[in-house]
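Now for the letters of each chain:
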Amino acid sequence: MYESWFPLILKDGAGGKGTWGKLLDTDIVSHIDRHDPNYDSGEEPYQLVGTTVTDPLDEFKKAVVSIIEEYFSNGDVELASSDLKELGSCEYYPYFIKRLVSVAMDRHDKEKEMASVLLSALYADVISPAQIRDGFFILLESADDLAVDILDAVDILALFLARAVVDDILPPAFLARAKKALPESSKGVQVIQTAEKSYLSAPHHAELVERRWGGSTHITVEEVKKKIADLLREYVDSGDTLEACRCIRELGVSFFHHEVVKRALILAMEIRSAEPPMLKLLKEAAEEGLVSSSQMVKGFSRLAESLDDLALDIPSAKALFQSFVPKAISEGWLDASLTKPATEDGEIQEDEKVRKYKKESVTIIHEYFLSDDIPELIQSLEDLGAPEYNPIFLKKLITLAMDRKNREKEMASVLLSALHIEIFSTEDIVNGFVMLLESAEDTALDILDASNELALFLARAVIDDVLAPLNLEEIGCRLPPKCSGSETVRMARSLIAARHAGERLLRCWGGGTGWAVEDAKDKIMKLLEEYESGGVVSEACQCIRDLGMPFFNHEVVKKALIMAMEKKNDRMLDLLQECFSEGLITINQMTKGFTRIKDGLDDLALDIPNAKEKFGFYVEHAQSNGWLLPSFDSPATDA
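Since the model is a prediction, treat every value here as computed from it, not as a measurement.

*Asks:* Can you help me understand a negative patch on the surface in this one?
*Replies:* A contiguous patch of negative charge, built from Glu376, Glu382, Asp383 and Glu422, is present on the exposed surface. If one sorts the elements of the negative patch by residue count, helix α19 (residues 374-384) sits on top with three residues. Residue position: Glu382 is located in helix α19.

Shown next, in the form of structure tokens:
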């Protein structure tokens, strides 16, 4: 039996390409007006409490995506191996295997072959045999999910499995043990059966499997390096920056652009007259977005690591490098973080504090994606006690949501609205989006269509009144004019200016989660009235479940209590008890519903004279049955 550590993934089942998750089945979208005198901030969409799960894989996940994409671009096994070792998280190598194969499955035969070659190269030297087995078992467990997005996933994964056996990185006995550990009806079992029957049982199966993807397509990095060296030398002779940029673009190795940076700087050191044009080329490549900021930093860093060796051939190498760095930073095409001294205690402590905050915020965000509990998230943020890092939290929230399904994207937008009302200033939101857009090029390396996604988040923030249209102008002015972030802002403006933009953006990811508040209230009233007439608890619970808005169940509690007061019928308590016992209404939602009643008791008493007395009775009943959080304060009643 193999124990899977792969993090639990929630499956909504609603949503799909171009949607942001499940919502009330209604054509009416009601937008909460925060300027309305009757506006109640509590009517914002709130909370579903669930199991909290921490996910320490987040940083590793982002790092391995870059390693995999870089490997698919340059085919450098040694570089991929060293980069993987540098991560220092060997306990997560099974996840690397899962990610490598699942990405390759959705690519051409060339990448599939490269993935198998890399696994063979990493076997034993970097990744242990046990981790190889664990990685493939995780893949088999994920076969049902992979089949949703990838045509012929079962057959492709079966071929990867067979190839691993043929390459002697998986023992044949693994198939039998894995089959026993998987549910019989799962696609993972189908994968094993296909591997056994269609590939491993065939005559000359080893040769068949090895040549299925066209044989070895391992590309040596030397050819890429030679092309880079040639185009840079041609540029030294011609001085044609546009032509050089075109040649770099045509190489099609965006994840290897750090080599362009490194070799350009070395040439500038070797040929003193080449320094001005080389720095001009790098500046132009950065401003065009041709070379990303991360690749630029990586190129400088790689050169810094080899300065001692380089100084043997170029005595002035260190002095020249030290002159290049501040010039590049001052001109805005190199991140200033490259020069942060590691010897100043204050900066080390600050960096450590930021790293710790980022790690904790990732955990908080993952918990929110599982629980949908906004009050809990806000409390966790307040407990961190670092409001100066609110923009960093916003950047993390949206970056993580962009790499997930539409449900999480919708949840992120809803959360932004709540955070803006509760604890985030407009300045925090603006600064967070500026940080996001400044790193848009790097984000695009890991997330397909990142620019469009960011534009939707920006436009949605304006529609939700989190940002004003003027804030987009402010954000745009803080970005370099030719960067991809500036283009994203322009795209967001276009989305907002389109006809029916409000309705379309509220539903851009299947959405408007929580915004059809009036419609939800109507449905809640109808189901409670039907229950009050018919008295079938199970049917009422099913109707609440069918609403699909667990974060709005506090409204069920509030309406049920008011109806109980008005009708002088305490049967509503039976319904609330059943909902609580089933976990349909959580303790947080129950507490919130009671809090809403408590806050409006004075107004309620104008229509229901004994409202305070009845509510006091309901509170006692709720507390005796464990419905309410200990923090709930009972209302003071008149003697």
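*Asks:* Just checking my understanding: could you explain the pattern of salt bridges for this structure?
*Replies:* Side chains that differ in sign of charge can pair as their charged atoms come close. Within this structure, the stated rule accounts for 22 salt bridges. Notably, a salt bridge pairs Arg249 with Glu288, separated by 2.9 Å at the nearest N-O pair. Separated by 39 residues along the polypeptide, Arg249 in helix α12 (residues 241-251) and Glu288 in the loop between α14 (275-287) and α15 (293-305) bring together distant segments of the chain. Judged by relative accessible area, which is 46%, Arg249 ranks as partly exposed. Overlapping salt bridges bring together Glu59, Lys62 and Lys396 as one network.

*Asks:* Looking at this structure, I do not really get the nonpolar core. What am I missing?
*Replies:* Note on soluble globular proteins: their nonpolar side chains tend to be buried together. Grouped together as the largest cluster of nonpolar side chains are 63 residues, with contacts concentrated most on Phe96, Phe136, Phe160 and Leu161. The greatest single-element share of this core, amounting to twelve residues, is contributed by helix α7 (residues 153-166). The contact partners of Phe160, leaving out residues within four places of it in the chain, are Val101, Ala104, Met105, Lys112, Ala115, Ser116, Phe136 and Trp213. Judged by nonpolar contacts, the second largest core, of 59 residues, contains Ile364, Leu467, Val489 and Trp509.

*Asks:* Where do I start with the packing of helix α13 (residues 257-270) against α14 in this structure?
*Replies:* The geometry of a pair of packed helices is captured by two quantities: the angle between their axes and the separation between those axes. Two elements in contact, α13 and α14, have axes separated by 8 Å at closest approach and are oriented at 160°. It follows from the interaxial angle that α13 and α14 lie roughly antiparallel. As for the relative orientation of α13 and α14, their crossing is left-handed in sense. For the pair α13 and α14, contact is made by Val261, Ala264, Leu265, Leu267 and Ala268 and by Glu275, Met278, Leu279 and Leu282, respectively. When the residues that make up the contact of α13 with α14 are grouped by side-chain class, the tally is eight nonpolar, no polar and one charged.

*Asks:* How should the packing of helix α24 (residues 450-463) against helix α26 (residues 484-497) be read in this particular structure?
*Replies:* In the contact formed by α24 and α26, the axes pass within 8 Å of each other and the chain directions differ by 50°. When the axis of α24 is compared with that of α26, the two are oblique. Every pair of crossing elements has a handedness; the one defined by α24 and α26 is right-handed. From α24, Ser451, Asn452, Leu454, Ala455, Leu456, Leu458, Ala459 and Val462 reach across to α26, where they touch Thr488, Val489, Met491, Ala492, Leu495 and Ile496. Among the residues making up the contact of α24 with α26, the classes are represented as eleven nonpolar, three polar and no charged.

*Asks:* Would you mind showing me how to read the environment of Asn553 here?
*Replies:* Locating Asn553 in the fold gives a position in helix α30 (residues 553-567). Using a relative accessible area of 3% as the deciding quantity, one classes Asn553 as buried. Separated by 32 residues in sequence, Asn553 and Ile585 place their C-alpha atoms 6.3 Å apart. Excluding anything up to four places from it in sequence, Asn553 contacts Ile544, Leu584, Ile585 and Gln589.

*Asks:* It is not clear to me how the packing of aromatic side chains should be interpreted in this structure. Could you clarify?
*Replies:* In this description, an aromatic ring pair is defined by two values, namely the gap between the centres and the angle between the planes. Summed over all chains, the structure comprises 13 aromatic pairs. Taking the centre distance of 5.9 Å and the plane angle of 40° together, the rings of Tyr71 and Phe72 count as tilted. Given the relative accessible area of 1%, Tyr71 is considered buried. Residues Tyr368 and Phe369 carry aromatic rings whose centres are separated by 5.9 Å and whose planes lie at 40° to one another, so their mutual orientation is tilted. Comparing Tyr368 with Phe369 shows no difference in burial state: the two are buried. A connected cluster of aromatic rings, assembled from ring pairs, spans Phe594, Phe615, Trp627 and Phe632. Above the face of the Tyr531 ring, Arg571 is positioned so that its terminal group lies 5.6 Å from the ring centre.

*Asks:* Is there a simple way to think about the side chain of Gln589 in this case?
*Replies:* Here Gln589 shows up in helix α32 (residues 587-599). Within the structure, the side chain of Gln589 is placed 3.1 Å from the backbone nitrogen of Asn553, a separation counted as a polar contact.

The rules behind each value
- Residue numbers restart at each chain and count upward from 1, following the sequence in its written direction.
- Local features in this predicted model are restricted to residues of pLDDT 70 or higher, and side-chain atom pairs are both shown and tallied only at a pLDDT of 80 or more, whereas totals for entire chains, interfaces and linings draw on every residue.
- Values reported for side chains reflect all heavy atoms of the structure, with hydrogen atoms and water molecules removed beforehand.
- Patch definition: residues with relative accessible area over 30% and no salt bridge; like charges joined within 9 Å; nonpolar side chains (Val, Leu, Ile, Met, Phe, Trp, Tyr) joined within 5 Å.
- Computed with the Shrake-Rupley method and a 1.4 Å probe, the accessible areas treat only the protein chains shown as cover for residues.
- Whenever Lys or Arg places a side-chain nitrogen within 4 Å of a carboxyl oxygen from Asp or Glu, that contact is recorded as a salt bridge.
- Charged residues are defined here as Lys and Arg on the positive side and Asp and Glu on the negative side; His and the ends of the chain fall outside this count.
- Each charge is placed at NZ for Lys, CZ for Arg, CG for Asp and CD for Glu.
- Per the convention used, a helix needs a DSSP run of H or I reaching at least four residues, while a strand needs a run of E reaching at least two, with both numbered from the N terminus.
- For every residue, the accessible area (1.4 Å probe, protein chains only) is compared with the maximum for its type, and the residue is labelled buried under 20%, exposed over 50%, or partly exposed between those bounds.
- Joining through side-chain atoms within 4.5 Å is the link that ties buried Ala, Val, Leu, Ile, Met, Phe, Trp, Tyr and Cys residues into a set, and such a set is a nonpolar core.
- Contacts are assigned to residue pairs that have any heavy atoms within 4.5 Å of one another.
- In this description, a line fitted to the C-alpha atoms serves as the axis of each element, helices being fitted only across the stretch in contact, and the angle between N-to-C directions of two axes falls anywhere from 0 to 180 degrees.
- Convention used here: angles under 35 degrees read as roughly parallel, angles over 145 as roughly antiparallel, angles from 65 to 115 as roughly perpendicular, and any remaining angle as oblique.
- Working rule for handedness: look at the near helix, and if it is turned counterclockwise from the far one by less than a right angle, call the crossing left-handed; if clockwise, right-handed.
- Three classes are used, and their members are as follows: Ala, Val, Leu, Ile, Met, Phe, Trp, Tyr, Cys and Pro are nonpolar, Asp, Glu, Lys and Arg are charged, and the others, Gly among them, are polar.
- Pairs were defined over the aromatic rings of Phe, Tyr and Trp, the Trp ring being its six-membered one, requiring ring centres within 6.5 Å. Orientation was assigned from the angle between planes: stacked under 30 degrees, edge-to-face over 60, tilted for the rest.
- Only when the NZ atom of a Lys or the CZ atom of an Arg is both within 6 Å of the ring centre and within 35 degrees of the ring normal do we say a charge sits over the ring.
- We define a polar contact as two N or O atoms separated by no more than 3.5 Å, with the added condition that, inside protein, one atom must be a possible hydrogen donor and the other a possible acceptor, whereas residues neighbouring each other in sequence contribute only through side-chain atom pairs.

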